[in-house]
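For reference, the chains in residue letters:
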Amino acid sequence: MTSDAATATSTTHTTPPPEGPDPDQERPALGLGTSLPPADARAKTEGTFPYAADLWAEGLLWAALLRSPHPHARIVSIDTAAAAGMPGVRAVVTHEDIPGDGSYGRRVVDRPVFASELVRHHGEAIAAVAADHPDTARLAAAAITVEYEVLEPVTDPEKAFTAEPLHPDGNLIRHIPLRYGDPDTVGEVIVEGLYRIGRQDPAPIGAEAGLAVPRPDGGVELYTASTDPHTDRDLAAACFGLDPERVKVVVTGVPGATGDREDPGFQIPLGLLALRTGCPVKLAATREESFLGHAHRHPTLLRYRHHADAEGRLVKVEAQILLDAGAYADSSSESLAAAVAFACGPYVVPHAFIEGWAVRTNNPPSGHVRGEGAMQVCAAYEGQMDKLAAKLGIDPVDLRLRNALSTGDILPTSQTVTCPAPVAELLGALRDFPLPALPKDTPQDDWLLPGGPEGAGEPGAVRRGVGYALGMVHMLGAEGADEVSTATVRVHDGVATVICAAVETGQGFTTLARQIVQETLGVEEVHVAAVDTDQPPAGPATHGRHTWVSGGAIERAAKMVRTQLLQPLAHKFGMSTELLQIADGKITSYDGVLSTTVSEAMEGKELWATAQCRPHPTEPLDESGQGDAFVGLAFCAVRAVVDVDIELGSVRVVEMAVAQDVGRILNPSQLATRIEAGVTQGIGAALTENLRTARGLIRHPDLTGYALPTSLDAPDIHIVKLVEERDVVAPFGAKPASAAPVVTSPAAVASAVRAATGRPVNRLPIRPQAAVAAPKS
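Anyway, here's the lowdown on the structure attached to this text. (Residues numbered from 1 in each chain as written. Predicted model: local features only at pLDDT ≥ 70, side-chain atom pairs only at ≥ 80, totals over all residues. Heavy atoms only, no water.)

Attention now moves to the state of the cysteines. The full count for this structure, using the stated rule, is 0 disulfides. Between C500, a cysteine without a disulfide, and C613, which holds the nearest cysteine sulfur, the sulfur-to-sulfur distance is 10 Å. Overall, C500 belongs to the buried group, its relative accessible area being 2%. Here C636 is not disulfide-linked; the sulfur of C378 is the nearest cysteine sulfur, at 8.9 Å. (Disulfide = S-S within 2.5 Å. Buried < 20%, exposed > 50% of the residue type's maximum accessible area, 1.4 Å probe, protein only.)

In structure tokens form, the structure reads like this:
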């Protein structure tokens, strides 16, 4: 994969190794467009990279949380006497120990740190304990006596509309009625569908862990894997009754994140215990506690009706979208906005009428997970496109091409698509890409049956299916979110340091930061400082925003340093700085009169600059779902090839082919890794990942009961085409890479299973009974 090519192919599902230095060159390739390896790659592979679970402090205490065994109950009493009296127990805290109303929330302040009167979901925190030993802490938490009056849980989101309020704010979090075009328009052909999307868990590699250290000034420092440290600091400070300046969040190594990595409800009890005891306190969650505590993808119910003319051109789309937010609001409002706005997909639809709701239930909490809102509707509208193609007798690819969105078209929110939108080009590339060989063309012993090498099925019962899907995601925040980031670049004796509170979550931001400075200043050695809240805020690590706003801030700061470096030289030779260039570690003038190395020009100097990046503003959707709500859009096309045992209903994904709108390739190896990871996460949502509940109780909250796809489940992933059409309003012209394949892949797998079985496949993950072939009429 090269930086100047828009087309690339990966022959296996494994990520190609980073490009090494060319032996014919004196120095390795630097800057944007190269596969610069991550600076922490060796430490992570050797197991020496420090994560929050590895932290230690003198006089350390251990924390444990008591969580509710019920999804809905009234708390009659809490007795902590037995726990507090146990040897080694240093503190027990409940809702009574929190100043004010003890509530928090990143978007809506509606969630108590500790339940006081009502328990609203299984696993909600009741109390926390600090003790000299982790086993003592857990035993003490179990010794707390809570008397519950168990209440009937509301677990069906459709019943939440008429149920008694589960929260003082009511059960309805948000309703968006989108109205676009003429409601009386009717198409010649109509197809309807009902779709259900399950509860996907982000399932981070490392469960939540952290360390809280009290400060001499009465404040506290929190060492956690936060992905939005300044927001977490402000929420914690409010719950501690402290000024934000007296709370510091230090970001430790993040063991993977596909959304809001750390729930503040985990950090806040930790800080309270440290303030109460005056000692450092550490908490390392078990995998079960991790499943119970953090947010999951919104389970969603979708009803669709598509209208088209006889040639298959879309006329009108009607939909009802219901998001199950669980007990608290979290990011449900933003997720619903994305679902409603993208309910028609990357297609031209002249008339659209969408009703969207997000409601509270007593189910586990839902929140931000990569591609939230967009993934659920993609599975539904692509199911509708398959139905429409079948009813009209049109090839599914041709149907999609006839309706494909392009630059200059208008979304159902009335926002004009001003960014590159090469939707037809992406789909065309997949159609032209060769299909994998059929099993009959390969040796029998090389053929994996659905279900694995020892699959129970018979080869004669296996059918192959090919399916396509188109998806879209938005970049940055939406609906008026103030997206801003600040960065400082400092150079001393030829070594550059980047200071920016953008958290490295595995998306490769620190590598990108190094590449930006290398390209702008010609400095080879670039360090990225650790993140804490003493730095200016950079915002959350979601929606590819750090590539845009934080990368943009670093570029601006680096250019300011570049000007400081070049001005004395330009003045000496009587020319402007624009006539000087930095390349390959050298500074040269346009006429060749000036030629020196960057290291010579930097010798003995310390230069620095601070800059901000803030994209153009957006606006909230109005009462009719209209408005310019998004800064930019990114598109993806995926083709899935599956083998299905039509008797057992087992499915094996043979191949995934991807064509994606990336704007600009900044790091080829890193980009391939992000796309492949996104596709694999999408396969999990399509086939195996569903955090199951029974009357609000999470069943099997562990990695045995929750089936993540492994390397054995990952198929060949071919990156067929990467369209490098730069978005002129984005720094570097790049677009987010990983969310789009997560959104699109589940719909493609479902489409392929439909093609193999003739079944509607209207539920994700796909159940075996849904993959059994339909009986022949």
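There is more to say after this.
Moving on, we come to the environment of L166. When you line up the elements, L166 lands in the loop between β8 (145-150) and β9 (172-180). Judged by relative accessible area, which is 5%, L166 ranks as buried. Sequence-wise, L166 and A327 are 161 residues apart; in three dimensions their C-alpha atoms are separated by 7.8 Å. (Helix = DSSP H or I, 4+ residues; strand = E, 2+ residues; numbered from the N terminus.)

The next point concerns the pattern of salt bridges. The full count for this structure, using the stated rule, is 36 salt bridges. Between R199 and D324 there is a salt bridge, and its shortest N-O distance comes to 3.7 Å. Residue R199 is found in the loop between β10 (189-197) and β11 (209-214), and its partner D324 is found in strand β16 (residues 314-324); the two are separated by 125 residues along the sequence. Neither R199 nor D324 differs from the other in exposure class; each is buried. Put simply, E655 and R639 hold a salt bridge, and the shortest N to O gap is 2.9 Å. (Salt bridge = Lys/Arg side-chain N within 4 Å of Asp/Glu carboxyl O.)

Now for the sheet that holds strand β31 (residues 763-764). If you trace the 6 strands from one edge of the open sheet to the other, you get β9-β17-β16-β15-β10-β31, paired in mixed fashion. Edge positions in the sheet fall to β9 and β31, since each of these pairs with one other strand and no more. Of the strand pairs in this sheet, strand β15 (residues 300-308) and β16 are connected by 9 bridges, and their pairing is antiparallel. Paired with A308 across the strands is L314, a residue of β16. Along the sheet, helix α8 (residues 374-392) contacts β10, β15, β16 and β31; its crossing angle with β10, the most-contacted strand, is approximately 145°. (Pairing = 2+ DSSP bridges. Contact = heavy atoms within 4.5 Å. Axes fitted to C-alpha atoms, helices over the stretch in contact; angles between N-to-C directions.)

The subject of this paragraph is unusual backbone geometry. A cis amide bond links L764 with the next residue in sequence, P765, at an omega value of -5°. For P765, the location among the structural elements is in the segment after β31. With a phi angle near 45°, D330 is a residue other than glycine that sits in the positive phi range. Secondary-structure assignment places D330 in the loop between β16 and α7 (332-341). Of note, F732 is a non-glycine position whose phi angle comes to about 70°, a positive value.

Close contact between α8 and helix α15 (residues 739-757) brings their axes to 8 Å; oriented N to C, the two are set at 30°. The orientation of α8 with respect to α15, classified from their angle, is roughly parallel. Taken as a pair, α8 and α15 cross one another with a handedness that is right-handed. Contacts between α8 and α15 pair A374, M375, C378, A379, E382, G383 and D386 from the former with V742, V743, T744, P746, A747, S751 and R754 from the latter. (Parallel < 35°, antiparallel > 145°, perpendicular 65-115°, else oblique. Left-handed = near helix turned anticlockwise from the far one by under 90°.)

Let's shift gears to the packing of helix α9 (residues 396-403) against helix α10 (residues 423-432). Helices that pack against each other are described as a pair by the angle of their axes relative to one another and the distance between those axes. Interaxial distance between α9 and α10 falls to 10 Å at its minimum, and their mutual angle equals 165°. If you check the angle between α9 and α10, you find them roughly antiparallel. Note that α9 runs across α10; the crossing there is left-handed. Counted together, V397, D398, R400 and L401 of α9 and A424, L427 and R431 of α10 form the full contact between these two elements.

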